[in-house]
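# Breakdown of the fold
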Amino acid sequence: MPAFLSRRSLLCAFTACGAWLQAQAEDPLIAYVGTFTSPLQNMKATQVDLPPGNGQGIHLFTVNRTTGAMTPCGLYKTGTSPNCLTFNAAKTVLYSTNETDHQGDNEAGSVSAFAINPKDGQLTLLNTVSSGGKGPTYVSLHPSGRFLLVANYFGGSASVLPLKADGSLGEATDFKQDAGTIGPKKATNAPPGSFAFSGHDGTHSHMIAADASGRHVLSVDLGLDQILVWKFDDKKGTLTPNDPPFVSLPAGDGPRHFAFHPNKPWLYSLQEEGSTVVLFDYDADKGRLTSRQTISSLPPGFAGSNFCSEILVSADGHFVYAGNRLHDSIAVFAIGKDGTLTFVSEEWTHGDYPRSFNFDPTGNFLYSLNQRGDNIAVFHVDHKTGTLTFTGHYTPVGNPSSIVFLDLGKGG
């Protein structure tokens, strides 16, 4: 032992190190929850999802890493319904779509950028720009980290927004208006007795996201019953129709959201009105989708109306989770070696109309955002079976729509 390092100094050093490690472990895990804060207006009579706007903006919570319980720790108030949230690559900036914002003659919505305080996660508005179309409902980060992809539901369009050096937003580098033949009011695969009808009154872009390479971008139009595929220029931030430019789902089924498998060439699409999950083989080089399996999101024997919502694949690639509204459940499917799905179980969401759900960073907990129930219910995830068990933890939030997590102890 060097002379200048006494046992006492070593003990102090180890004590200080232990205290530092404990402090790191206790750095907060923050949950950001986007909500509907004002009623949707000027809607067609066919619009069935009309949240009254019980939220207050973007709600912040600290998350107990052991129990999954959430405690309020902040609020960014806004009346424009920040309904979908995502981060920049460094997780220093949070972005929100503002669905009930109305800008210009076409009543376009907007997207906002917020700087995140690295100490406590609180938000400061950087700027807000137009989304180009009415009712933006989904936003995702392109893998390059330099662009946001936005789906405008009521406008039936998609836009690309560049990110500036400070994380703020630039004006759109591209805008695409969906067009084509609107699907029928009756879904091909609807359950017996279903009256589920939502988006087949016009074009409705419901989700947009890039594949892992970033070379292709997929966007869903519920009204057209199509998943559109685009080639993406990550220098210009522009979209060009792929060849072929889309893949069709069964008429009237209404594709809503999709999820890529984390390490296999498979994509799972969830149909809002048909209540189905469709497995596609995905050719990443050509950006082509080939359907291979269709399975109901509902338990055997179900009859009546249901609207699907969210779909996620577990990080280990073993399970698919699909949300059912009206049935108010999350269905769990096991993924076979060939990508096909087998129904495992369903879990009641302990609230009304689960609009979305998400895993915490560990994947140990799943959070169900029950829009009409004005609450978030927390479930423990069994990594071996995929099943969900309610933890007993509810969090009251008015009209919750989206939840994302930021681990401050890891710098995002």
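This report concerns the structure included in the present document. All of these numbers come straight from a predicted model, not from anything done at the bench. (Residues numbered from 1 in each chain as written. Predicted model: local features only at pLDDT ≥ 70, side-chain atom pairs only at ≥ 80, totals over all residues. Heavy atoms only, no water.)

On to the pattern of salt bridges, then. As a working rule, side chains carrying opposite charge can pair if their charged atoms are close by. Enumeration according to the criterion identifies seven salt bridges in this entry. Between Arg256 and Glu272 there is a salt bridge whose closest N-O contact spans 2.8 Å. Residue Arg256 is located in strand S16 (residues 255-260), and its partner Glu272 is located in the loop between strand S17 (266-271) and strand S18 (276-283); the two are separated by 16 residues in the primary sequence. Taking the relative accessible area as the measure of exposure, Arg256 reaches 3% and is therefore buried. When the shortest N-O distance is used, the salt bridge between Arg292 and Asp281 registers 2.8 Å. Of the two residues, Arg292 is situated in strand S19 (residues 288-296) and Asp281 in strand S18; the sequence distance between them amounts to eleven residues. On the basis of relative accessible area, Asp281 is assigned to the partly exposed category, the value being 26%. (Salt bridge = Lys/Arg side-chain N within 4 Å of Asp/Glu carboxyl O. Helix = DSSP H or I, 4+ residues; strand = E, 2+ residues; numbered from the N terminus. Buried < 20%, exposed > 50% of the residue type's maximum accessible area, 1.4 Å probe, protein only.)

This next bit is on unusual backbone geometry. Cis geometry is adopted by the peptide bond preceding Pro244, which originates at Asp243 and carries an omega value of 0°. For Ser275, which is not glycine, the phi dihedral falls at a positive 55°. Along the polypeptide, Ser275 turns up in the loop between S17 and S18.

The next subject is the sheet that holds strand S27 (residues 388-396). Strand pairing within a sheet occurs via backbone hydrogen bonds; the two strands may be parallel or antiparallel. Taken together, four strands build an open sheet; the order of strands is S24-S25-S26-S27 and the sheet is antiparallel. Looking along the sheet, the strands with just one partner apiece sit at the ends: strand S24 (354-359) and S27. When the angles between neighbouring strand axes are averaged without regard to direction, this sheet yields 25°. Bridge count for S24 against strand S25 (residues 365-370) is five bridges, and the pairing is antiparallel. Each residue of the ladder has a partner; that of Asn358, found in S25, is Tyr367. (Pairing = 2+ DSSP bridges. Axes fitted to C-alpha atoms, helices over the stretch in contact; angles between N-to-C directions.)

Nonpolar side chains tend to gather and get buried jointly when the protein is soluble and globular. Ranked by size, the top nonpolar core spans 39 residues in total, and within it Leu148, Leu169, Val217, Leu218, Ile227, Phe280 and Leu289 carry the most contacts. Formed by 16 residues, the second largest nonpolar core is a distinct cluster that contains Ile311, Val313, Val320 and Ala322. (Core = buried A, V, L, I, M, F, W, Y, C linked by side-chain atoms within 4.5 Å.)

Turning our attention to the layout of surface pockets. Taken as a whole, the second largest pocket holds about 160 Å³ of empty space. Lining the second largest pocket are Asp211, Ala212, Ser213, Phe260, His261, Pro262, Asn263, Lys264, Pro265, Trp266, Tyr282 and Ala284. Classifying every residue of the lining of the second largest pocket gives seven nonpolar, three polar and two charged. (1 Å grid on protein atoms, 1.4 Å probe; cavity = no way out; pocket = protein on both sides within 12 Å on 5 of 7 lines; lining within 4 Å. Points joined across faces, edges and corners; volume = space filled by probe spheres on them. Nonpolar A, V, L, I, M, F, W, Y, C, P; charged D, E, K, R; others polar.)

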